[in-house]
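Next come the chains, spelled out residue by residue.
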Amino acid sequence: MTTPAHPAATGEVYRIDWLPGTDVLHGTCHCGAEHTAQDPVAMWEWMLGHPEDHHPPQGAGS
């Protein structure tokens, strides 16, 4: 198995933003589902647990 040269080469892009002035992280999964959490480990567990507990907006990819 080879590692992609660029993470986007897998087609799965995970985005986590920190909301300034808070301890809150806002994550967006490659499927379009969004989640907030204060614990970075909980955020990554949610991200990598796709599709469990993921509710993408209507019309978003799966």
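Above this text you will find the structure in question.
Conventions used here
Residues numbered from 1 in each chain as written. Predicted model: local features only at pLDDT ≥ 70, side-chain atom pairs only at ≥ 80, totals over all residues. Heavy atoms only, no water. Helix = DSSP H or I, 4+ residues; strand = E, 2+ residues; numbered from the N terminus. Buried < 20%, exposed > 50% of the residue type's maximum accessible area, 1.4 Å probe, protein only. Polar contact = N/O pair within 3.5 Å; in protein donor to acceptor, adjacent residues only side chain to side chain. Core = buried A, V, L, I, M, F, W, Y, C linked by side-chain atoms within 4.5 Å. Contact = heavy atoms within 4.5 Å. Salt bridge = Lys/Arg side-chain N within 4 Å of Asp/Glu carboxyl O.

**What to know about the environment of Thr-22**
And step 1. Here Thr-22 shows up in the loop between strand E1 (15-18) and strand E2 (25-28).
And step 2. Judged by its relative accessible area of 32%, Thr-22 falls in the partly exposed class.
And step 3. Residues Thr-22 and Gln-38 lie 16 residues apart in sequence; the distance between their C-alpha atoms is 8.9 Å.
And step 4. A polar atom in the side chain of Thr-22 sits 3.0 Å from the backbone nitrogen of Val-24.

**Description of the nonpolar core**
And step 1. Membership of the largest hydrophobic core is limited to eight residues, which are Leu-25, Cys-29, Cys-31, Ala-33, Ala-37, Met-43, Trp-46 and Met-47.
And step 2. It is helix H1 (residues 40-48) that contributes the most residues to this core, three residues altogether.
And step 3. Excluding residues that lie within four positions of it along the chain, Ala-37 makes contacts with Asp-23, Val-24, Leu-25 and Met-43.

**Regarding the pattern of salt bridges**
And step 1. Taken as a whole and judged by the stated rule, the model has one salt bridge.
And step 2. Put simply, Arg-15 and Asp-17 hold a salt bridge, and the shortest N to O gap is 3.0 Å.
And step 3. Its relative accessible area of 52% is what places Arg-15 among the exposed residues.
And step 4. Asp-17 sits in the partly exposed class, given a relative accessible area of 28%.

Just geometry here; none of it tells us what the structure is for.
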